[in-house]
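# Secondary and tertiary structure notes
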Amino acid sequence: TAALAQGLDNGSFVISHHGVQPLGALVQESEVAKVMADRIADKSDALLPVDDVDEILLAFERAEGKELNPEQWAAVHLGASRPIVIISGGAGVGKTTVLKALYEVYDKAGIGVTQLALAGRAAKRMHEATGRPASTIANFICNWKPGTFDGQCAVVVDEASMVDIITMSRLCELLDPSVRLVLVGDTGQLMPVGPGLVLHALVKVPQMPVAELKVVRRFGGEIASAAGLIRGGQWPELSADPGAPISFIECPLLPGAEDE
């Protein structure tokens, strides 16, 4: 009791409506929350009329030789109409395709795009997939200087489920109020190594614009079916054949493992 009282007196931790928190975590969460709340509350007009966005999407489909499904179509419209959006979904649901289509809308509206990812390899894949420059969040923060966000622009963060509260708060400190924010990720994939579950918390905010993609486009069949069941908390029926697309192979216990 004495230790807790002393920690509260000297500011080692604080009591907020979330419970007991270290002071640093509260400051970082407050920074991120303000940036998100300001954009959620922003009722500015959409970048382009709905019909114009539809025309851009039709032209994109013709150029890419692929048809966007209704989920992807709605995701682009949401990104074009709100200053903040979360695009979520598992592997192969077409998140990158949505980004490429959304960038066409941004180009038409005169919005510059800054692509960021947590890891260098992810930034490289982002660049290769979209044909636009991408960098790590750390590199962007280190090289940021006043005037970086001159004019209208959007910051797109890929694999946002892996971004911890420390990194996200540092990024949010640099964002001008006019900067649009697009967070792309999957709360069912890897969590941050550092503290905080930023994307996981944001998708639960009722007012947050979230475009969830569920239709698997990259691959299908047994693997996609099993993955969907597992994500939903169900155990799929798996073949014991090692040559099957997905199988369950029982491993014999090592001697003495039964006692551990």
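Residues numbered from 1 in each chain as written. Predicted model: local features only at pLDDT ≥ 70, side-chain atom pairs only at ≥ 80, totals over all residues. Heavy atoms only, no water.

### Some thoughts on the packing of helix H2 (residues 23-41) against helix H8 (residues 165-174)
- At a closest axis distance of 9 Å, the pairing of H2 and H8 adopts a crossing angle of 50°. When the axes of H2 and H8 are compared, the pair comes out oblique. Handedness of the H2/H8 crossing: left-handed. Contact residues: H2 offers Gln 28, Glu 29, Glu 31, Val 32, Val 35 and Met 36, while H8 offers Ile 165, Ile 166, Met 168, Ser 169, Cys 172 and Glu 173. (Axes fitted to C-alpha atoms, helices over the stretch in contact; angles between N-to-C directions. Helix = DSSP H or I, 4+ residues; strand = E, 2+ residues; numbered from the N terminus. Parallel < 35°, antiparallel > 145°, perpendicular 65-115°, else oblique. Left-handed = near helix turned anticlockwise from the far one by under 90°. Contact = heavy atoms within 4.5 Å.)

### A short note on the sheet that holds strand S3 (residues 84-89)
- Ordered in space as S5-S4-S6-S7-S3-S8, the six strands form an open sheet in which the pairing is parallel. Two strands in the sheet have a free side with no partner beyond their single neighbour: strand S5 (134-136) and strand S8 (210-213). Neighbouring strand axes in the sheet, compared pairwise and without regard to direction, differ in orientation by 20° on average.
- As judged from the three bridges shared by strand S4 (residues 112-117) and S5, these two strands associate in the parallel manner. Counted as the bridge partner of Leu 116 is Ser 135 from S5. (Pairing = 2+ DSSP bridges.)

### A word on the packing of aromatic side chains
- Per the stated rule, a full pass over the model turns up three aromatic pairs.
- Their ring planes at 85° and their centres at 5.8 Å tell us that Trp 235 and Phe 248 sit as a pair that is edge-to-face. One end of the pair, Trp 235, is in the segment after helix H10 (221-231); the other, Phe 248, is in the segment after H10, and 13 residues separate them in sequence.
- Using a relative accessible area of 61% as the deciding quantity, one classes Trp 235 as exposed.
- Judged by its relative accessible area of 41%, Phe 248 is partly exposed. (Phe/Tyr/Trp six-rings, centres within 6.5 Å; stacked < 30°, edge-to-face > 60°. Buried < 20%, exposed > 50% of the residue type's maximum accessible area, 1.4 Å probe, protein only.)

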